[in-house]
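Report on the structure
Given next are the chains, with one letter for each unit.
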Amino acid sequence: MAEAKGLSKDDLQSISNRILELSEADHCRVRINSGWRGYTRVATNRITSAGGSEKTSVNITSVFGQRVASVETNRLSDDELRQAVRRSEDMARIAPVDPEYIEELGPQIIAPINAYYDSTGELTPQTRAVAAALAIKQAQSADQVVASYMDVNAGSTALATSNGFYGSHAHTGVAYTLTSRSPDGRQSGWAGDEANDWNNIESQRVANDAVRKCRNWRKTALEPGEYTAILEPTAVGMLMRNMVNVFNQRTADEGRSFFSKPDGGNRIGESLFDDKINIFSDPAYLDAETSPFNSVGQPLAKQDWVNSGRLQELARSRYWAQQKNQQPLASPSNLIMAGGDDSLEEMIASTRRGVLITRFWYIRGINPKTISYTGLTRDGTFLIENGRISRPVTNFRFNQSLVDMLRNVQMLSPAVRVAASESSSVSTPIVVPAIKVDKFNLSSVSDAI
Amino acid sequence: MALRPLPIPVNHRPSVSNLGSPIHDSRQFSRRNFIKLAGAGAAAGTVVSAAPAAAQSMTSSERALLLLAIDVARDAGAHYSDGRVIRTQFEAVGARELRVSRVQSTDSFGINIRVLVGGSWGFSATQVLTREAVTKMARDAVAIATANNAVAPSTAVLAPVDVYPNASWVTPHSIDPFTVSFEDKAALLLKANEEALRGSNVRYAASNILCVKEERLVATSEGSFIDQTFYRINPSMNITAISDDGNDFQTRGAVVEPAGRGYEYILGLDLVGNAPKWAEEAALKLEAPSVEPGKWDLILHPSNLWLTIHESIGHPTELDRALGYEANYAGTSFLHPPEETLGQTRVGPDFMQFVGNRTEFGGCATTGWDDEGVPAEEWPIIEDGIFVDYQTTRDQAEWISAQTGITRSHGCAYGQNWESMPFQRMPNVSLMPGKEDISEEDVIAATDHGIFIEGRGSYSIDQQRYNIQFAGQVFWEIKNGKKHRMLRDAAYVGRTPEFWNSLDVIGGDSTYFLGASFSDAKGQPIQVNAVSHGCPVSLFRDIDIINTA
């Protein structure tokens, strides 16, 4: 077996120890990120770029009293580390007092999580090129032109504090996404997969799905308006990933969130969504595993955020928890929306008139009080009539409150991991179902393909 | 208005510092730069000069490693290679209300090489600056290119470029932001927040200063060796007011713009002096009536219009995007195919001129040379309202040379750091001011039923750049040629060609300034690019406004 990518456990520990030894501050926190990224891009049925790089960076936070500063460097010789420690201390000494600083965490009980898959860590440029060639062949045989991206990450992280916290974690991730277009640019289809384990990336299916979507989609007119919408899992994931930061108690308590109570405080415990909605995070969730601790050492465990439509909890920083006399609660490191038993086919069959959406693009917040977003559909939008896909239709801009969406959900498929970031880079693991939702607001037509 | 003209140091001649450099320089001196520099000369006498010698940031051992990488790549079978040693330093100071929320510095240093085997690229990078690691890096890049060339070969052909064996360039600046202490930066932000918090109903104020120093040594196997140092600076401030009953909040953000300049730029912004005005605007938004949706005339201040330009003119004129190279993420373009659009497609009225440039003073994308050793220049993108040229790199120039008659690159190659392979990135793309000296007041006076928008708000556009929905920070209702009252919850929507063809009046030179972003995203892996867009105050007729409440 090849050596794992990123620094070894021993190296992580020895660099952390070295920095803590060098530290002369009241408190010190060390975070090390070490890893490799390899990638291959295809466009116009050719590999247009491919590369790889390894990087280890060390982040040192020094604290005097409540004066805090941090320095990050990738220069790792003994001398350079010493300079970085001194620099962070020099900066901290002159930094104004941060009244929200809370002393570093000591040892925590952290259950290790295995998120490193050798299948991903050992993926070679040749394997990536073969997957690319497969997709190119598939597209060419359908007289299409493919653009694709395979992003592969493997590495390790460590966190150490002068109060005795130490944790390390190794992880891998791979995202494979593909857009296939007709040579005249008038048709387009997309498919993608994301996983920690390369064995769960179905590159042949991704190619087939994108080519099939492209073959079936071309724009035909449809009036904008409120439609019953069936959102494929990727479309759901691209919206729901925004919820990671919305589950925050401070912004709620401060009156800046949908979760704020009109007269102050927050809405934990209130039923806010349809009772089919269950949202949780779990660093040990299979093939969506994450680190079991966050960037300051707070342990992460399975946590319900929404249970049968009821807001269960909101994340609290250590400072905010102290202010409110509560226990701190780390923000989610992944997001899982529990699925149901319905299949996509059943959703379509049950729909008299609606729109099927593959994915979105350029999603931007418009109103945090209603968790509203705008954005556009892309790469496969279809009209459903009388239980069947009747024809492909134009793309749309949507203006939609996620609160309304989560109140209007009618059906849910089983949940799957999706490539939810717009750039299709490996990112926060998102596991969501396809959903059928009433009154989805497709506010205007987009001429884009 | 939000920004006022700043003194420009007399020694700062953007794009001049390399005029005396070797062999050939085809660039023209920008008209706007010339006017601005000439006008500012008198006021700039007291500014301390920056030493051009600072350009020699890299040591001889780093230069030697770059030459080694190119030699190893050649021996391993690359017929072209270019490499970079890049050191990027960030410094961030942030304040939230009356406390300091961050004091951070990052430093990232490494070397990369990009090689051509057949027509296929390979790229590799390392942070280990030893002969052994750099040799392995160069061989890895050739191995990747060879693997690609065997399986799915590409057809890159490089446009000619002059060789610059010993060139250097430094962002014009008078105060290196990295010489200003964290204490001083924090004190400025805390004072600005304090002033903002005096405003009625203002409960939150957050401000930041992010400074970037990028040292970049580029070498090509053709013999160029270019050493450059870039400074960019990004100040920001957000002020939030909460209604008396606690049920509503409104934020005034995006109050100032990033720039490719030194710390003197921050001092000139007068954050402390302007904070009360921005705070008042946040509070006014609480009381403002929600906009009535429908057709309105729109007056867009440069602090709003620059991002509209970025999204609807900047992106669709990226050539790789137009040809499908970014189809899997950033998207394609409505300006395609080149042979049916170049010199033919009308994008706006005949007084509308857009230029691409990497030469404009203060621009975030301003440079001496690009990442392929191509000198910075200025060129027309939209001329008299007609689309005439794209943004290009060396391997793209020939794709459209039959239409444009231009065989050389426009110098748009950039990789965000040592880990990143350079590719086509946006230059400064700017809307030229009108020939007449039309002021902001003149434009307002010419409007009966309109909305004047300042500051960028929520922005979204489709991947071919047709369907726009852009908001702002501050909306003033204009009634019969006068500012009537503040409105809220507005966004303008439309289709790009119709939007630009509704442009009716553009302001003169006095209304022109640069807005900018540090985070223009493109590519897979995603890379960010800092870019500026200049424009005058502009009036658009009969635009659809929606209510976003």
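The written sequence of each chain sets the order in which its residues are numbered from 1. The lettering of chains begins at A and the numbering of ligands begins at 1, in the order of writing. With pLDDT at 70 or above as the cut-off, local features in this predicted model cover only qualifying residues; side-chain atom pairs require 80 or more to be listed or tallied, and sums for whole chains, interfaces and linings still use all residues. In computing side-chain properties, one takes all heavy atoms of the structure into account and sets aside hydrogens as well as water.

Considerations on the interface of chain B and chain A
- Residue contacts are defined here by distance: any two heavy atoms, one from each residue, within 4.5 Å place the two residues in contact. Counting from both sides, the interface comprises 74 residues of chain B and, opposite them, 79 residues of chain A.
- Once two parts are brought into contact, the accessible area they lose, counted with a 1.4 Å probe and summed over both, makes up the buried area. Here chain B and chain A share an interface that buries about 6,300 Å² over both sides, 49% of which is from carbon and sulfur atoms.
- Whenever Lys or Arg places a side-chain nitrogen within 4 Å of a carboxyl oxygen from Asp or Glu, that contact is recorded as a salt bridge. The interface formed by chain B and chain A contains eight salt bridges.
- Here a polar contact means two N or O atoms within 3.5 Å. Within protein one must be a hydrogen donor candidate and the other an acceptor candidate, and residues neighboring in sequence count only if both atoms are side-chain atoms. Linking chain B with chain A are 39 residue pairs in polar contact (both at pLDDT 80 or more).
- The way it works is that DSSP assigns letters per residue, a run of H or I at least four long becomes a helix, a run of E at least two long becomes a strand, and they are numbered from the N terminus. If one sorts the elements of the side of chain B that touches chain A by residue count, strand β2 (residues 99-117) of chain B sits on top with nine residues.

Let's talk about the packing of aromatic side chains
Residue and element names in this part refer to chain A.
- Note on aromatic contacts: the rings of Phe and Tyr and the six-membered ring of Trp form a pair at centre separations within 6.5 Å, being stacked when their planes are under 30 degrees apart, edge-to-face when over 60 apart, and tilted otherwise. Enumeration over the complete set of coordinates arrives at 27 aromatic pairs over all chains.
- For the pair F259 and F273, a centre-to-centre distance of 6.5 Å together with 85° between the ring planes defines the contact as edge-to-face. Remark: F273 occurs in the loop between α8 (249-253) and β8 (279-281) and F259 occurs in the loop between α8 and β8; sequence separation between them is 14 residues. The same class applies to F259 and to F273, which are both buried.
- Seen from their ring centres, Y319 and W320 are 6.4 Å apart, and the 50° between their planes marks the pair as tilted. Think of it in three bands: residues with accessible area under 20% of the maximum for their type are buried, residues over 50% are exposed, and the middle band is partly exposed, with areas taken using a 1.4 Å probe on protein chains only.

Examining the domain arrangement of chain A
Residues and elements named next belong to chain A.
- Bear in mind that the domain bounds are from an automatic or database domain assignment. On domain assignment, one finds that chain A holds domain 1 (9-214) and domain 2 (219-449).
- For domain 1 and domain 2, the distance between their C-alpha centres works out to 24 Å.
- Each partner contributes residues to the interface: domain 1 has 43 residues there, and domain 2 has 37 residues.
- Together, W190, E194 and K213 form the three largest contributors to the area buried by domain 1 at its contact with domain 2, with a combined 24%.
- Our count for the contact surface shared by domain 1 and domain 2 stands at three salt bridges.
- In this structure, the salt-bridge partner of E194 is R417, at a minimum N-O distance of 2.8 Å.
- The tally of links from domain 1 across to domain 2 stands at 15 residue pairs in polar contact (both at pLDDT 80 or more).
- Ranked by residue count, the leading element in the side of domain 1 that touches domain 2 is strand β5 (residues 166-181), at eight residues.
- Tallied by class, residues from the side of domain 1 that touches domain 2 come to 16 nonpolar, 15 polar and twelve charged. Side-chain classes are defined by residue name, with Ala, Val, Leu, Ile, Met, Phe, Trp, Tyr, Cys and Pro counting as nonpolar, Asp, Glu, Lys and Arg as charged, and the others, Gly among them, as polar.

What about the sheet that holds strand β17 (residues 416-418) of chain A?
Residues and elements named next belong to chain A.
- Taken together, six strands build an open sheet; the order of strands is β10-β9-β8-β11-β18-β17 and the sheet is mixed. With one partner strand each, in any of the chains shown, β10 (310-311) and β17 form the two edges of the open sheet.
- As defined by bridge partners, strand β9 (residues 303-307) adjoins β10 across two bridges and the pair is classed as antiparallel. Paired with N307 across the two strands is R310, which belongs to β10.
- Helix axes use the C-alpha atoms of the stretch in contact, all axes being lines fitted to C-alpha atoms, and the angles between their N-to-C directions lie in the range 0 to 180 degrees. Sheet strands in contact with helix α6 (residues 233-240) are β8, β11 (335-337), β17 and β18 (430-432), and its direction is about 125° off that of β18. What makes two strands pair is DSSP finding at least two bridges between them.

What about helix α4 (residues 182-197) of chain B?
- A rise of 1.5 Å per residue sets the reference length of α4 of chain B, with its 16 residues, at 22 Å; its end C-alpha atoms lie 22 Å apart and thus fit the reference within 8%.
- F182, K185, A186, L189, L190, A192, N193, E195 and A196 of chain B are the residues of α4 of chain B that are buried.
- Those residues of α4 of chain B that are buried are in contact with α2 (78-94) of chain A together with β1 (80-96), β2, β5 (202-220), β6 (225-242) and α6 (271-287) of chain B. The span expected for a helix works out to 1.5 Å for each residue beyond the first.

Examining helix α4 (residues 125-141) of chain A
- With 17 residues, α4 of chain A extends 24 Å between its outermost C-alpha atoms, agreeing within 8% with the 24 Å of an ideal straight helix rising 1.5 Å per residue.
- Within α4 of chain A, burial applies to R128, A129, A131, A132, A135, I136 and A139 of chain A. Buried positions in α4 of chain A, seen along its axis, are confined to an arc of 160° and lie on one side of it. Of the exposed residues in α4 of chain A, the ones pointing more than 90 degrees away from its buried face are V130, K137 and S141 of chain A.
- Each element contacted by the buried residues of α4 of chain A is listed here: β1 (27-43), β2 (46-64), β4 (145-161), β5 and α5 (203-216) of chain A together with α3 (131-151) of chain B.
- Positive backbone phi, approximately 55°, marks D143 of chain A, located one or two places after α4 of chain A. Along the arc lie the directions from the helix axis toward the C-beta atoms.

Looking at the environment of G269 of chain A
All names here are of chain A.
- Inspection of the secondary structure puts G269 in the loop between α8 and β8.
- With a relative accessible area of 31%, G269 lands in the partly exposed category.
- Spatially, the C-alpha atoms of G269 and L311 are 5.3 Å apart, while their sequence positions differ by 42 residues.
- Sequence-distant contacts of G269, defined by excluding residues within four places in its chain, comprise R310 and L311.

Quick look at the domain arrangement of chain B
Residue and element names in this part refer to chain B.
- As assigned here, chain B comprises domain 1 (169-287) and domain 2 (294-547).
- Measuring from the centre of the C-alpha atoms in domain 1 to the corresponding centre in domain 2 gives 23 Å.
- Taken together, the 30 residues of domain 1 in the interface contact 34 residues of domain 2.
- Regarding the contact of domain 1 and domain 2, the summed buried area is about 2,500 Å², with carbon and sulfur atoms giving 54% of it.
- Among the residues domain 1 hides against domain 2, the three largest losses belong to R216, E257 and K285. Together they make up 22% of the total.
- The tally of links between domain 1 and domain 2 comes to three salt bridges.

Some points on unusual backbone geometry
- Residue P337 of chain B is reached from H336 of chain B by a cis peptide bond, and omega for that bond is -10°.
- Assignment of secondary structure puts P337 of chain B in the loop between α8 (319-322) and α9 (338-341).
- Between Q524 of chain B and the following residue, P525 of chain B, the backbone shows a cis peptide bond with an omega angle of 0°.
- As for its placement among the helices and strands, P525 of chain B is situated in the loop between β20 (513-522) and β21 (527-535).
- Located in the positive-phi region is N45 of chain A, a residue other than glycine, with phi close to 60°.
- Among the structural elements, N45 of chain A can be located in the loop between β1 and β2.
- Even without glycine at this site, N201 of chain B takes up a positive phi of about 70°.
- Assignment of secondary structure puts N201 of chain B in the loop between α4 and β5.
- Taking the relative accessible area as the measure of exposure, N201 of chain B reaches 28% and is therefore partly exposed.

Quick word on the pattern of salt bridges
Residues and elements named next belong to chain A.
- For the coordinates displayed, the defined rule picks out 65 salt bridges over all chains.
- Across the pair E100 and R250 runs a salt bridge whose closest N-O atoms are separated by 2.9 Å. Of this pair, E100 sits in the loop between α2 and α3 (118-121) while R250 sits in helix α8, placing them 150 residues apart in sequence.
- Judged by its relative accessible area of 13%, R250 falls in the buried class.

Digging into the packing of α4 of chain A against α5 of chain A
Residues and elements named next belong to chain A.
- Put simply, α4 and α5 touch, their axes get as near as 9 Å, and they point 30° apart. By the angle class used here, α4 and α5 are roughly parallel. The handedness of the crossing between α4 and α5 is right-handed. When α4 is examined against α5, the residues A131, L134, A135, Q138 and A139 are found in contact with a partner set consisting of S203, Q204, A207, N208 and V211.
- When the residues that make up the contact of α4 with α5 are grouped by side-chain class, the tally is six nonpolar, four polar and no charged. Comment on the angle field: the value is read as roughly parallel under 35 degrees, roughly antiparallel over 145, roughly perpendicular from 65 to 115, and oblique elsewhere. Rotating anticlockwise by less than a right angle from the far helix to the near helix defines a left-handed crossing, while the corresponding clockwise rotation defines a right-handed one.

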